[in-house]
Amino acid sequence: MPTLQHISEWIYTTHLSTSIRQSPYSFPAIETIHTLGIAAVVGTVAILDLRLLGLVMKKEPVSRIARQLLPWTWAGFAVMFVTGLLLWIAESQTSYSNWAFRTKMVLLLLVGINPLIFHLTIYRKVNTWDLANVTPLRARLTAVSSLVLWAGIIVFGRLIAYVNS
Amino acid sequence: MNVLLGLSHWLGHTHLGIFVRDSSYAFPAIEMLHLIALAVFGGSILLVDLRFLNLGFKTQTIQAVARELLPLTVGGVAAMAISGVLMYAGSPMRYFHNPAFQVKMALFVIALFVHFSLQILAARSKSLPPSRTRLFRTAAVASLLLWFAIGFSGRVIGYL
């Protein structure tokens, strides 16, 4: 763990980090784009989750929805990741000890594992339930955990700023 | 303007307004709900507009996408409006004179009209003549720019 702390402290002293901190506009501007990136990711993921739960686009095959949403989810993810990295670079030292930030990182890891398991298991047999209004239990469980985890990520992400002060 | 000012004063003095103002947890909690609603709302708005631009969900018709996502865009905007009013009630005068807030509200009224008139029109249509394509594309670009600007000015409120 001290290694991570050392990296965080070193990043904090870099030119990029200080310049984001010293500019009155950089941080809020990056933060806004970060928030909208999250909206693109979570919004598109939520629509797939709601389809898995049989709540929207019931007539459309699950795989077809997933395939069409994915490019936009990844685009949003790229925006969220790059801006998130910049925000972390600016505040790396304080983020390290921030419990809301730490929780958010753990939830992010979990929300990444979730679709991985989904794709390696139940989604492999998607052709057997592609058109089902109500999808298999494991698919619905994936959807619920995805929705809960993403909500948690938003909550803890916002908390970072409240805990810092 | 006087009506809005009077309404704002009244809202700030209701039990709800006083509760939001005095509690140290109410504001952050409402703000988080506002952001969760933003995620669902923003994503579904994006997908409706991408369909209007012929860039996403092409296997479904414009009408089907507009209809299927209407509960999400309407529900999302309602959740954001309710949580927004609650945050406003906590200290109306702080926001009433905030230029970023004023810009956000003006853009919000325009965006509500532009986006939802088109989405509802599409959702209710049986078939869309090709001549409508340009209308939908223009509206989608306007909608995306407006919602983006609303998000941006929303963030600026806290910095002014």
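Residues numbered from 1 in each chain as written. Chains lettered and ligands numbered in written order. Predicted model: local features only at pLDDT ≥ 70, side-chain atom pairs only at ≥ 80, totals over all residues. Heavy atoms only, no water.

**With respect to the packing of helix H3 (residues 26-52) of chain A against helix H7 (residues 133-157) of chain B**
Reasoning step 1: The interhelical angle for the contact between H3(A) and H7(B), taken along N-to-C directions, is 135°, at an axis separation of 10 Å. Here H3(A) lies oblique to H7(B), going by the angle between them. Crossing of H3(A) against H7(B): the hand is right-handed. Taking contact as the criterion, the partners of A:Pro28, A:Ala29, A:Glu31, A:Thr32 and A:Leu36 in H3(A) are, on H7(B), B:Phe148, B:Gly151, B:Phe152 and B:Arg155.
Reasoning step 2: Grouping the amino acids of the contact of H3(A) with H7(B) by side-chain chemistry returns five nonpolar, two polar and two charged. (Axes fitted to C-alpha atoms, helices over the stretch in contact; angles between N-to-C directions. Helix = DSSP H or I, 4+ residues; strand = E, 2+ residues; numbered from the N terminus. Parallel < 35°, antiparallel > 145°, perpendicular 65-115°, else oblique. Left-handed = near helix turned anticlockwise from the far one by under 90°. Contact = heavy atoms within 4.5 Å. Nonpolar A, V, L, I, M, F, W, Y, C, P; charged D, E, K, R; others polar.)

**Concerning the interface of chain B and chain A**
Reasoning step 1: Residue-level contacts link 30 residues of chain B with 29 residues of chain A.
Reasoning step 2: Summed over both partners, the interface of chain B with chain A comes to about 2600 Å²; 77% of that surface belongs to carbon and sulfur atoms.
Reasoning step 3: When the area that chain B buries against chain A is broken down by residue, the three leading residues are B:Met32, B:Phe57 and B:Arg155, summing to 21%.
Reasoning step 4: Across the contact surface, chain B and chain A share two salt bridges.
Reasoning step 5: Residues A:Glu31 and B:Arg155 are paired through a salt bridge, measuring 3.0 Å at the closest nitrogen-oxygen approach.
Reasoning step 6: Remark: the boundary between chain B and chain A carries nine residue pairs in polar contact (both at pLDDT 80 or more).
Reasoning step 7: Of all the elements in the fold, those that place two or more residues in the side of chain B that touches chain A are helix H3 (26-52), helix H4 (62-90) and H7 of chain B.
Reasoning step 8: Ranked by residues supplied to the side of chain B that touches chain A, first place goes to H3(B) with 15 residues.
Reasoning step 9: Considering only residue class, the side of chain B that touches chain A consists of 19 nonpolar, seven polar and four charged. (Buried area = accessible area lost by both parts, 1.4 Å probe. Salt bridge = Lys/Arg side-chain N within 4 Å of Asp/Glu carboxyl O. Polar contact = N/O pair within 3.5 Å; in protein donor to acceptor, adjacent residues only side chain to side chain.)

**Focus on the packing of helix H6 (residues 99-124) of chain B against H7(B)**
Residue and element names in this part refer to chain B.
Reasoning step 1: Look at H6 against H7: their axes get within 8 Å of each other, and the N-to-C directions meet at 150°. As summarised for this structure, H6 and H7 are arranged roughly antiparallel, according to the angle between their axes. Both H6 and H7 take part in a crossing whose hand is left-handed.
Reasoning step 2: Of the residues in the contact of H6 with H7, the class split is 23 nonpolar, four polar and one charged.

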